[in-house]
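Okay, here's what each chain looks like letter by letter:
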Amino acid sequence: MDVSDLLNSLNSAQREAVCVSPGHHALILAGAGSGKTRVLVHRIAWLIRTGAASPYGVLAVTFTNKAANEMRGRIEELLAMPASGMWVGTFHGIAHRLLRAHYQEAGLPQGFQILDSDDQYRLIRRVLRELDLDEKQWPPRQMQGFINRHKDRGERPDQIKVHQGDLFQDVALKVYRRYEEICRRRGAVDFAELLLRAYELFLSRREVLEHYQRRFSHILIDEFQDTNTIQYAWIKLLAGDRGELFAVGDDDQSIYGWRGAQIENIHQYQRDYANVELIRLEQNYRSTGNILNAANALIAKNADRLGKNLWTEYGEGELIKLYGAFNELEEARYVVEQIEGWIAEGHARSEVAILYRSNAQSRVLEEALLYRSIPYRIYGGMRFFERAEIKDALAYLRLSMNRDDDPSFERVVNTPPRGIGARTVDNIRELARDRGISLWRAAEELIASKGLTARAANAVDSFIQLVEQMAGDVQGSSDVDMSLNDEGGQMDLHEQIDHIVQLSNLIEHFKKEKGERGQARIENLEELVSAGRQFEFEEEEGIDELGAFLAHAALEAGERQAGEGEDGVQMMTLHSAKGLEFPLVFLVGLEEGLFPHQMSLDEPGRLEEERRLCYVGMTRARERLVISYAEVRRLYGQEKYTRPSRFVSEIPAEFIDEVRIRGQVSQPLYRVPEEEQSHEFSLGQRLFHAKFGEGTLLDFEGSGAQARVQVKFDRAGTKWLVLAYAKLERIG
DNA sequence: CCTCAGCTGTTTTTT
DNA sequence: ACAGCTGAGG
């Protein structure tokens, strides 16, 4: 079969990667902008076109749904046929699919539910309450972290090594145990559990494992540097002796160590398999030379790299602009001014990205853009299916399908408020626990046995009636699993959702919420109905349409809220920028303590991750890169004098064009020894005495004029006494 | 059930 | 600074 058309468009390293011969595993170190997805997609097409694999034998795993969708789309485009039969998905999506198909072997109920992080958090809080643990002393977040950390490492409670006398561990373990028990009883599975269960399924059911080992002759992994322990263990198991692995990643872009990613897996992989072909993709098709070389120089400061030097055929391009702003407002002002210049050159706003270390930084920038009427999109914040109103509606839906769904019961029993207070719910919970029945059943019993005050009983009964009515309407009166609409035909998913939203009175409830928030919630509920309409259900083993929709809601929480459609400047954290590229990139807030973040300063490993993050940010830029920092930043309500990020000085000066601060702000006067508390100096004919006030701010007094003097740090970290003209005030 | 004062935490985020 | 939550009181 002639595959030259597949290979023609590739450079030699890419071609080598695509054509790795049978019997070999591959590790493709794909630098930023080197055509990583391209290689992955061409590899799959090549495998299929040469007959090395059938679509049925290919498994491609990614981390995000976005990456998975993009990959599938590009494969289909390249092969000019649907990639059906091929498994392309996220680790979680694929684990979910396996567990659905083998729910019995995995010890799960058929319609097991997926808990998202919020569901998990709520459940953990419930466990804490049940175990009489004080949330102040045992923060649910930490318990959640503990549980997930261990699951990510494949550890069940019994496998955790207990340190003698570690109270936190003791308690956390107890919580983990109880949490697991409840999940098992409810048939609920959290994100980490999906992976762990899929792994254990393979371990305990040889026949299942062997089936998939036979099936998947080729396993391709995207963003390999981001895999955690359990993901890699699962891959190894699945590959077995014969499966061929094709791992693509970049150790320099590993920025998720804090959530369990093991960069180590890249090294381990080469140790685990004898015949791993290591191929480096070093030609960059994204950025101009100066940007790339600057990024190379920065990342070279990290120890422990597999090593790689990106190069480009593009010219040097522009120098990186560096701007030291007076404060964060002025920084934002500068950024906006630059954007206006860019737009004036005839570019689109969406070609511009502002990247920052933490979300809190977005506000000031947003205000500056707003002030100049520049449309923007912010990535981040709540996602569609994570929103409270959406989860409320889904809880009604769940409950009407399964009355014993306790978390859903708890969620909506008094939403909208119908007079069922905490007291009443406590009573219900207590009975449920004592008798080992669901909250629903307990509620029914309490009404029957007159275990509630008349008022409470009434309220609970109205809730029960409401859900029964929903269930009856949606499912039709018969026991047959058939939902009927007004015409007596089957109710579609979106009709069911719509019906439940209407009956629940959620819309009326949110109308009362003040501000635009209630309106937004109502719109989201409407959006949920259309999400139901658009949902494409593919017949699959072990799941019905509603179940598939609910799983979809958990696994693909939907787009991040962002100003849609319009051509706008893109704003996001450095983390969410990974994988993207923009002609013009602003990297703002390069200050010690902010970026690198304070929390990562004490550990060399974490500092290196910050440096990689900076590297990721820089390599997002195609044509123009602007780096900025503020000398004064208001953070957490306090003004802080900052020094420029070490990353700024790690970029060789030859790539940088330091933009002068125009006139108004600062001028170095004296170099100040670190330990000096006051300073005497002359300015013009006057002698001044400046002494340190609070922190590093100097109060400066002179006769006839009053000015302020500050301590600032230059790029090299040298401390200077600086006259802040901006603050100069003349008296008399 | 609602409101308001007081307290707390505040890196990054997918699934 | 400030959002989000809790607990007290109306």
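All values reported here derive from a predicted model rather than from experimental measurement. (Residues numbered from 1 in each chain as written. Chains lettered and ligands numbered in written order. Predicted model: local features only at pLDDT ≥ 70, side-chain atom pairs only at ≥ 80, totals over all residues. Heavy atoms only, no water.)

### Considering helix H18 (residues 422–435)
In this model, H18 (14 residues) spans 20 Å end to end at C-alpha, consistent with the 20 Å of a helix rising 1.5 Å per residue. Buried within H18 are the following residues: Thr-424, Val-425, Ile-428, Arg-429, Leu-431 and Ala-432. Within H18, the buried residues cover an arc of 165 degrees as seen down the axis, which keeps them to one side. Every exposed residue of H18 that faces more than 90 degrees away from the buried side is listed here: Ala-422, Arg-423 and Asp-434. Gly-436 sits one or two residues past H18 and shows a positive phi near 65 degrees. (Helix = DSSP H or I, 4+ residues; strand = E, 2+ residues; numbered from the N terminus. Expected span 1.5 Å × (residues − 1). Buried < 20%, exposed > 50% of the residue type's maximum accessible area, 1.4 Å probe, protein only. Arc of directions from axis to C-beta.)

### Topic: the pattern of salt bridges
Throughout the structure, instances matching the rule amount to 53 salt bridges. Note that Arg-363 is salt-bridged to Glu-367, the shortest N-O span being 3.9 Å. In this pair, Arg-363 and Glu-367 both sit in helix H15 (residues 362–371), four residues apart, roughly one turn of the helix. Taking relative accessible area as the criterion, Arg-363 reaches 59% and is therefore assigned exposed. Taking relative accessible area as the criterion, Glu-367 reaches 46% and is therefore assigned partly exposed. One network of salt bridges, with partners in common, ties together Asp-116, Asp-118, Asp-119, Arg-122, Lys-391, Asp-392 and Arg-411. (Salt bridge = Lys/Arg side-chain N within 4 Å of Asp/Glu carboxyl O.)

### What about the pairing of strand E7 (residues 244–249)?
Summarising burial for E7: six of the six residues are buried, a large majority. Of the two faces of E7, the one lined by Glu-244, Phe-246 and Val-248 and the one lined by Leu-245, Ala-247 and Gly-249 are each fully buried. Of the strand pairs in this sheet, strand E1 (residues 25–30) and E7 are connected by four bridges, and their pairing is parallel. Among the inter-strand pairings, Leu-29 is bridged to a residue of E7, identified as Gly-249. Pairing of strand E6 (residues 218–221) with E7, which is carried by four bridges, proceeds in the parallel orientation. Bridging from a neighbouring strand, His-218 pairs with Glu-244 of E7. Handedness of the β-α-β unit built from E6, helix H11 (residues 229–239) and E7 comes out right-handed. (Pairing = 2+ DSSP bridges. Right-handed = clockwise from strand over helix to strand, strands pointing away.)

### A short note on the protein's contact with DNA strand C
All residues in the neighbourhood of DNA strand C are listed as Arg-125, Arg-363, Arg-634, Tyr-636 and Gly-637. Here a phosphate oxygen of DNA strand C sits 2.7 Å away from a polar atom, N or O, in the side chain of Arg-125. Between DNA strand C and Arg-363, the relevant distance is 3.4 Å, taken from a phosphate oxygen to a side-chain nitrogen or oxygen of the residue. Each residue belonging to the surface near DNA strand C can be placed in one class, and the counts come to one nonpolar, one polar and three charged. (Near = heavy atom within 4 Å. Polar contact = N/O pair within 3.5 Å; in protein donor to acceptor, adjacent residues only side chain to side chain. Nonpolar A, V, L, I, M, F, W, Y, C, P; charged D, E, K, R; others polar.)

### Structural notes on unusual backbone geometry
Across the junction of Thr-415 and Pro-416, the peptide omega takes the value -5 degrees, indicating a cis bond. Relative to the helices and strands, Pro-416 resides in the loop between helix H17 (406–412) and H18. One non-glycine residue, Glu-223, adopts positive backbone phi at about 50 degrees. Along the chain, Glu-223 falls in the loop between E6 and H11. Within the chain, Ser-373 stands out as a residue other than glycine whose phi angle is a positive 55 degrees. Among the secondary structure elements, Ser-373 is positioned in the loop between H15 and strand E11 (376–378).

### Quick notes on the confidence of the model for chain A
Overall, the prediction assigns chain A a mean pLDDT of 87, with 86% of residues at 70 or greater. In the model of chain A, strand E20 (residues 697–701) stands out as the element of lowest mean pLDDT, 45, in contrast to E6, which has the highest, 98. Counting contacts from residues 693–707, a segment whose pLDDT is below 50, to residues more than four positions away or on other chains yields 37 contacts. Per-residue pLDDT stays below 50 along residues 725–732; that stretch engages in 14 contacts with residues further than four places along the chain or on separate chains. (pLDDT = per-residue confidence, 0-100. Contact = heavy atoms within 4.5 Å.)

### A look at the environment of Arg-606
Tracing the backbone shows Arg-606 in helix H26 (residues 604–618). Taking the relative accessible area as the measure of exposure, Arg-606 reaches 37% and is therefore partly exposed. As for Arg-606 and Thr-573, which are separated by 33 residues in sequence, their C-alpha atoms are 18 Å apart. Excluding anything up to four places from it in sequence, Arg-606 contacts Met-599 and Ser-600. Among the polar contacts listed, one links the side chain of Arg-606 to the backbone oxygen of Met-599, at a separation of 3.4 Å.

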